Amino acid sequence: MKSNALFGIYLAKSEISRLDKCILVEGNVDVVSMHQLGIRNVVASCGTSLTIEQIRLIKRFTDNVTIMYDGDGAGVHAAERGIGMILKERMNVRVVFLPEGQDPDDFARKHTLEEVREFISENEQDFISFKADRLMKEAENDPIRKAGLITDIADTIALVDDQIQRSVYVQSCAAKFGVSEDVLHRRINATRTKNFEDARKENGGTVSIPGADYVVKASEPAPAAPQPAKASMKPADRALDAAERGLLFYVLRYGRELLRFDPSSPCYRPEGPQTVLDFIDGVLMADEMVFSDEVCQRAYDKYVGMFDSEPVLDQDTIVRRLLDGEDREVAGLVSDIALEKHELSVKKFQSSLTALSTQLVKFVPESLLVYQKAKVEKDIADLTASMKDAPEKADVILRELVELNRIKRDLSEDLANMNR
């Protein structure tokens, strides 16, 4: 799904990690032009409005995002929306706008690499400066509109979880507008209280928010470890749930193990062996796939974030931190999978008497094919069901079903060949 994908992320992820910074643009062509120029930590939201899933994908590689959108009204509005979403994910955000009438594609083609780098460095702003520069033009000398602007900025600061960061932003805002820090803190605390209450109501109970100035105690016990797919689920959903957990099993148990494929294998790479995590992640990104189960996806993202951290963490440390983490749903799932409470098709893997390296080069690719096939089968089931509600789209749906069934046959053949 486009809402879960970022154009260019597979090629950009190494540079994003190296520079500890991601540049977010609007268009796919913008990404291509920037990469061709030599700026390779650039991604785009695939022609859709920025989504939480896309932000969380960036967070796997860095906490620092620079939004580089067109300077027109639509670009400014999109940047304002993106700022709030990024801050809610406990990330750092800056904004840079190009000269009027230009987009990153135009700018990259008309300037050298050093000129573009220098422009970004000299013109990117924190969100307070961005909002002040853009909105003060509208407020001018109108005290009511100016008060509205300051309130808007304070409400944005309220999205920042880290107390020290909030304090720094308050100091900056107070100095820029000549208002009392106490006034800003009162507004921010009131906004955060409202945000917490809204979140509590949405989740049907009280919640605790990391980084809060006070603690909102949970009224319910931590959730129990998730159970395997229930019998009440539809067959396609059960198959996908099992496939996702099976794939996560290999990540949690053997993510740092090296896959040494034979040169005759279609998975062989001449540049050398990959870790289990890198192999799985490369396939998922290339096919723009994310787990349908939100807890599975969160567990996977948290694992990847620690896998790439410095200093390097060993496998047991990563799993232990997931088990001890604040996200108790993830902790329950990891306990269920990594500690072998969950029985899947991996039983044949565990009972095998061959060497670990031999088992991994067989079962990891196989688990990916099982996952891909399960996703296709789920899509087929969903499309078939949708025909009842949208008979006028039957022709379009049938064409999609034909293509999906072709892909399913190919995956089934690949699985059969692998098991010969």
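## A closer look at the overall build of the chain
Counting its secondary structure elements, the chain contains 18 helices and seven strands. Every one of the 420 residues in the chain was classed for burial, and the buried ones make up 44%. Considering only intrachain contacts with a sequence separation of at least 6, the fraction spanning at least 24 residues in the chain is 67%.

## As for unusual backbone geometry
Although it is not a glycine, D20 adopts a positive phi angle of roughly 55 degrees. Relative to the assigned elements, D20 resides in the loop between α1 (9-19) and β1 (22-25). Of note, the phi angle at R90 is positive, near 60 degrees, even though the residue is not glycine. Since its relative accessible area comes to 46%, R90 is described here as partly exposed.

## Regarding the nonpolar core
V43 and I157 are the most contacted members of the largest nonpolar core, which totals 45 residues. Ranked by the residues each element gives to this core, the list is headed by helix α4 (residues 73-88), at six residues. In this view, V43 contacts L6, F7, G8, I9, A12, I16, C22, I23, L24, V25, V31 and I58; residues no more than four positions away in its chain are not counted. Ranked by size, the runner-up nonpolar core spans 40 residues in total, among them V251, L252, L259 and F279.

## Describing the confidence of the model for the chain
When pLDDT is averaged across the chain, the result is 80; 83% of the residues are at 70 or more. Throughout residues 206-231 the model reports pLDDT below 50, and contacts reaching past four residues in sequence, or to other chains, amount to 48 contacts. Below a pLDDT of 50 lies the segment residues 340-346, which in the model reaches 15 contacts outside its immediate sequence neighbourhood of four places, other chains included.

## Details of the pattern of salt bridges
The final tally for this structure, using the stated rule, is 21 salt bridges. For K59, the salt bridge is made with D63, and the minimal N-O distance between the two is 3.0 Å. A residue is classified by how much of its surface remains accessible, and K59, at 31% relative accessible area, is partly exposed. For D63, a relative accessible area of 33% puts it in the partly exposed group. Its salt-bridge partner being R298, residue E329 comes within 2.9 Å of it at the nearest N-O pair. Here R298 lies in helix α13 (residues 294-307) and E329 lies in helix α15 (residues 328-338), a separation of 31 residues in the sequence.

## Concerning the environment of R109
Within the element layout of this structure, R109 appears in helix α5 (residues 104-110). The spacing of R109 and S33 is 76 residues in sequence and 7.0 Å in space, taken between C-alpha atoms. For R109, the side chain forms a polar contact with the side chain of D106, separated by 3.2 Å.

## Considering the pairing of strand β3 (residues 64-67)
Sheet analysis places β1 next to β3, joined by three bridges and oriented parallel. Within the sheet, the bridge partner assigned to C22 lies in β3 and is V65. Looking at chain direction, β3 and strand β4 (residues 92-95) are connected through four bridges and run parallel. Bridged to I67 within β4 is V95. Between the parallel elements β3 and β4, the chain passes through α4 in a crossover that is right-handed.

## Digging into the packing of aromatic side chains
The full count for this structure, using the stated rule, is nine aromatic pairs. With centroids separated by 4.9 Å and ring planes inclined at 55 degrees, the aromatic side chains of F107 and F119 adopt a geometry described as tilted. Taken together, the residues F107 in helix α5 and F119 in helix α6 (residues 113-123) connect sequence positions 12 residues apart. By relative accessible area, F107 is classed as buried at 3%. The class of F119 is buried, set by a relative accessible area of 17%. Taken together, the ring pairs in this structure connect F249, Y250 and Y254 into an aromatic cluster. Across the ring face of F307, the terminal group of R256 is positioned such that the distance to the ring centre comes to 4.0 Å.

## Section: the environment of R321
Relative to the elements of secondary structure, R321 occurs in helix α14 (residues 315-324). For R321, a relative accessible area of 47% puts it in the partly exposed group. Distance from R321 to M306, taken between C-alpha atoms, is 9.1 Å for residues 15 residues apart in sequence. For R321, the contacting residues outside a window of four places in its chain are M306 and L313.

## Comments concerning the packing of helix α8 (residues 143-157) against helix α9 (residues 163-177)
Two numbers describe how α8 lies on α9: the axes approach to 10 Å, and their chain directions differ by 170 degrees. Here α8 lies roughly antiparallel to α9, going by the angle between them. Residues K146, L149, I150, I153 and I157 of α8 form the contact with α9, whose own contacting residues are R166, Y169, V170, C173 and F177. Classifying every residue of the contact of α8 with α9 by side-chain character gives eight nonpolar, no polar and two charged.

## A closer look at α13
The terminal C-alpha atoms of α13 lie 20 Å apart, and with 14 residues this matches the ideal 20 Å at 1.5 Å per residue to within 8%. Judged by how many residues are buried, α13 sits mostly within the fold: 11 of 14 residues are covered. All of the buried residues in α13 are V295, C296, Q297, R298, A299, Y300, D301, Y303, V304, M306 and F307. Two or three places before V295, at the opening of α13, D293 has a side-chain oxygen 3.0 Å from that residue's backbone nitrogen.

## Concerning the pairing of β1
Burial along β1 is two-sided: C22 and L24 and I23 and V25, pointing in opposite directions, are all buried. Between the parallel pair β1 and strand β2 (residues 42-44), the chain is carried across by helix α2 (residues 28-37), and the sense of this crossover is right-handed.

Reading the values: rules and limits
Residues numbered from 1 in each chain as written. Predicted model: local features only at pLDDT ≥ 70, side-chain atom pairs only at ≥ 80, totals over all residues. Heavy atoms only, no water. Helix = DSSP H or I, 4+ residues; strand = E, 2+ residues; numbered from the N terminus. Buried < 20%, exposed > 50% of the residue type's maximum accessible area, 1.4 Å probe, protein only. Contact = heavy atoms within 4.5 Å. Core = buried A, V, L, I, M, F, W, Y, C linked by side-chain atoms within 4.5 Å. pLDDT = per-residue confidence, 0-100. Salt bridge = Lys/Arg side-chain N within 4 Å of Asp/Glu carboxyl O. Polar contact = N/O pair within 3.5 Å; in protein donor to acceptor, adjacent residues only side chain to side chain. Pairing = 2+ DSSP bridges. Right-handed = clockwise from strand over helix to strand, strands pointing away. Phe/Tyr/Trp six-rings, centres within 6.5 Å; stacked < 30°, edge-to-face > 60°. Lys NZ or Arg CZ within 6 Å of the ring centre and 35° of its normal. Axes fitted to C-alpha atoms, helices over the stretch in contact; angles between N-to-C directions. Parallel < 35°, antiparallel > 145°, perpendicular 65-115°, else oblique. Nonpolar A, V, L, I, M, F, W, Y, C, P; charged D, E, K, R; others polar. Expected span 1.5 Å × (residues − 1).

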